[in-house]
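The lines below spell out each chain.
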Amino acid sequence: MKKKLEDLNLLDDFLFGSLVSYPGLGVKFIRLLLQIIFGRTFGKLVVHPQKVYYGSDTDKHGTRLDVYLEEEQESDFTAEEDEEPGGATIYDVEPDQNDNEAARTALPKRIRFYHAKIDAQSLKSGETYHALKNVVIIIITPYDPFGIDRMVYTIQNRCREEPDMLYDDGAMTVYLYTKGHRGNPPEELQKLLRYMEHTTEENATTKELQDIQQMVEVVKRDGEVSIEYMKIYEREEMLLNRGRQEGRREGELRERTNTEAQRLRADAAEQENARLRAELARLKAGQV
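Along each chain, residue indices are assigned from 1 in the same order as the chain's sequence is written. Where totals are concerned, whole chains, interfaces and linings use all residues; where local detail is concerned, this predicted model gives features only for residues with pLDDT of at least 70, and gives and counts side-chain atom pairs only at 80 or more. As a rule here, side-chain values cover all heavy atoms of the structure and leave hydrogens and water aside.

1. Some thoughts on the packing of aromatic side chains
Here's step 1: Put simply, two rings from Phe, Tyr or Trp (the six-membered ring, in Trp's case) pair if the centres are within 6.5 Å, and we call them stacked under 30 degrees between planes, edge-to-face over 60, tilted for the rest. One pass over the structure, following the stated rule, counts 7 aromatic pairs.
Here's step 2: Their ring planes at 70° and their centres at 5.6 Å tell us that phenylalanine 42 and tyrosine 91 sit as a pair that is edge-to-face. Placement of the pair is phenylalanine 42 in the loop between helix H2 (26-38) and strand E1 (45-53) and tyrosine 91 in strand E3 (residues 89-95), with a sequence separation of 49 residues.
Here's step 3: Each residue is placed in one exposure class: buried if its accessible area under a 1.4 Å probe, protein chains only, is under 20% of its type's maximum, exposed if it is over 50%, and partly exposed if it falls in between. Its relative accessible area of 3% is what places tyrosine 91 among the buried residues.
Here's step 4: A ring pair is formed by phenylalanine 146 and tyrosine 175, whose centres lie 4.9 Å apart and whose planes are at 90°; its orientation type is edge-to-face. Of this pair, phenylalanine 146 sits in the loop between strand E4 (134-141) and strand E5 (152-155) while tyrosine 175 sits in strand E6 (residues 171-177); the two residues are 29 residues apart in sequence, bridging distant segments of the chain.
Here's step 5: Using a relative accessible area of 4% as the deciding quantity, one classes tyrosine 175 as buried.
Here's step 6: Whether a charge sits over a ring depends on NZ of Lys or CZ of Arg being within 6 Å of the ring centre and within 35 degrees of the ring normal. If you follow arginine 40 out to its NZ or CZ, it ends over the ring of phenylalanine 42, 3.8 Å from the centre. Strands here are runs of E lasting at least two residues and helices are runs of H or I lasting at least four, both read from the DSSP assignment and numbered beginning at the N terminus.

2. Observations regarding the pattern of salt bridges
Here's step 1: Salt bridges are counted wherever a side-chain nitrogen of Lys or Arg sits within 4 Å of a carboxyl oxygen of Asp or Glu. Following the criterion strictly, the structure yields 8 salt bridges and no others.
Here's step 2: A salt bridge links glutamate 71 to arginine 40, with the nearest nitrogen and oxygen atoms 3.1 Å apart. Of the two residues, glutamate 71 sits in strand E2 (residues 63-71) while arginine 40 sits in the loop between H2 and E1, which places them 31 residues apart along the sequence.
Here's step 3: Aspartate 211 is the partner of lysine 207 in a salt bridge, and the nearest nitrogen-oxygen pair spans 2.9 Å. Of this pair, lysine 207 and aspartate 211 both sit in helix H5 (residues 207-221), 4 residues apart, roughly one helical turn.

3. A short note on the nonpolar core
Here's step 1: One finds Leu10, Phe29, Ile30, Leu33, Leu69 and Ile138 to be the most contacted residues of the largest nonpolar core, which totals 45 residues.
Here's step 2: Working rule for contacts: check all heavy atoms of both residues, and any pair within 4.5 Å makes them a contact. The residues contacting leucine 33, other than those within four sequence positions of it, are Phe16, Val93, Leu192 and Met196.
Here's step 3: Nonpolar cores are built from buried Ala, Val, Leu, Ile, Met, Phe, Trp, Tyr and Cys residues. Side-chain atoms within 4.5 Å join them into one set. Among the nonpolar cores identified, the runner-up in size contains 12 residues, and Leu107, Ile111, Tyr114 and Ile137 belong to it.

4. Describing the pairing of E6
The side chains of a regular strand alternate, residue by residue, between the two faces of the sheet.
Here's step 1: Within E6, 7 of the 7 residues are buried, which leaves the element mostly enclosed by the surrounding structure.
Here's step 2: Every second residue of E6 is oriented toward a common face, with Ala171, Thr173, Tyr175 and Tyr177 on one face and Met172, Val174 and Leu176 on the other, all of them buried.
Here's step 3: In this sheet, E6 lies alongside E4 in parallel orientation, the contact comprising 7 bridges. Looking at the pairing, threonine 141 lines up with tyrosine 177 of E6. Here, any two strands with at least 2 DSSP bridges between them count as paired.

5. Thoughts on the packing of helix H4 (residues 187-197) against H5
Here's step 1: Orientation of H4 relative to H5, taken along the N-to-C sense of each, is 20°, at an axis distance of 11 Å. As judged from the angle between their axes, H4 and H5 are roughly parallel. Here the hand of the crossing between H4 and H5 comes out right-handed. Judged by residue contacts, Lys191, Leu192 and Tyr195 of H4 engage Leu209, Ile212, Gln213 and Val216 from H5.
Here's step 2: When residues are sorted by character, Ala, Val, Leu, Ile, Met, Phe, Trp, Tyr, Cys and Pro go into the nonpolar class, Asp, Glu, Lys and Arg into the charged class, and all the rest, Gly among them, into the polar class. By residue class, the composition of the contact of H4 with H5 is 5 nonpolar, 1 polar and 1 charged. All axes are obtained by fitting lines to C-alpha atoms, using only the stretch in contact for helices, and the reported angles, taken between N-to-C directions, cover 0 to 180 degrees. By definition in this entry, angles of less than 35 degrees are roughly parallel, angles greater than 145 are roughly antiparallel, angles of 65 to 115 are roughly perpendicular, and the rest are oblique. Helix crossings get a hand from a simple test, with the near helix turned counterclockwise from the far one by less than a right angle marking a left-handed crossing and a clockwise turn marking a right-handed one.

6. Brief notes about the confidence of the model for the protein
Detail in the predicted coordinates should be disregarded across regions flagged by low pLDDT.
Here's step 1: Summary of the metric used: pLDDT quantifies the predictor's per-residue confidence within the range 0 to 100. Chain-level pLDDT for the protein is 82 on average; 78% of the residues reach the 70-or-more range.
Here's step 2: A low-confidence stretch, residues 53-62 (pLDDT under 50), is modelled with 17 contacts involving residues beyond four sequence positions or located in other chains.
Here's step 3: Counting interchain partners and residues more than four positions distant, the pLDDT-below-50 stretch residues 75-86 has 31 contacts.

7. Points about the pairing of E3
Here's step 1: Within E3, 7 of the 7 residues are buried, which leaves it mostly tucked inside the rest of the structure.
Here's step 2: Neither face of E3 is exposed, since Thr89, Tyr91, Val93 and Pro95 on one face and Ile90, Asp92 and Glu94 on the opposite face are all buried.
Here's step 3: In terms of strand pairing, E3 meets E4 through 7 bridges, oriented parallel. Paired with glutamate 94 across the strands is isoleucine 139, a residue of E4.
Here's step 4: The path from the first strand over the helix to the second decides the hand: if it runs clockwise while the strands point away from the viewer, the crossover is right-handed. With helix H3 (residues 101-122) bridging E3 and its parallel neighbour E4, the resulting β-α-β unit is right-handed.

8. Quick notes on H5
The periodicity of an α-helix, 3.6 residues per turn, causes residues three or four positions apart to be oriented the same way.
Here's step 1: Given a helix with a known number of residues, its expected span is that number minus one, times 1.5 Å. Taking 1.5 Å per residue as the helical rise, H5 with its 15 residues ought to reach 21 Å, and the 21 Å between its terminal C-alpha atoms agrees with that figure.
Here's step 2: Listed in full, the buried residues belonging to H5 are Leu209, Ile212, Gln213, Met215, Val216, Val219 and Lys220. Around the axis of H5, the buried residues are gathered within 165° of arc, so they sit on the same side. Across from the buried face of H5, at angles greater than 90 degrees, the exposed residues are Lys207, Gln214 and Arg221. This arc is built from the directions going out from the helix axis to the C-beta atoms.

This is how it looks when you write it as structure tokens:
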């Protein structure tokens, strides 16, 4: 059954997207989110809710990113190294609750596709590869994407033969599992992820989370947000009902097809029986 708007959590696409795109609140929310995740302050952020990358042709796959943003200053993208890359860093933040087995297995390739689409659009014609922006994709899930019970999985390319060798291609993926325990994650991050999965005033136990909770309440009380949620619910119900109707029509068609096939088989069997009876009668007449 569909949740009521007031019961949505920040892992729900609608509430997350509504807060990110809310005038005057979206950038503040994302700034707090990134500061807790990475443990540092952020400079100027340019936020694009639901960035869409279309396929290069009608038969090519496109994608929609939940929150696409750029930090227009030096970042600590390779914080464990002595040197930091300059230029803008692109962040894509994706809450993901689609934990069926097929989606989970395909998750690494899905993220690889996201990286490719972002890279292809971030380098202008005539620019050198040095101008290619760093890309950090953050996936927040209530399920363990790799089954190792870590709260944080940080993925970067490395040389297999020389694991300690820096391979700075500017690409990084961070998976955040809300219920993970291994790896000694910071307490602030643990509280944030618990709050995102269960977005209530009781779970807003830090100053930053209380600030986010106030933003969430503003969004949930907004009449336009409520109307948009109702419209989405109605569209989903319409599509669901249409699917049910099409399913019934297909079932009826299959039933009619099966009935017709059975009738044709019965007619064919009756004709064959009649032919055999006639043949038997002919043979008996010849013996007389």
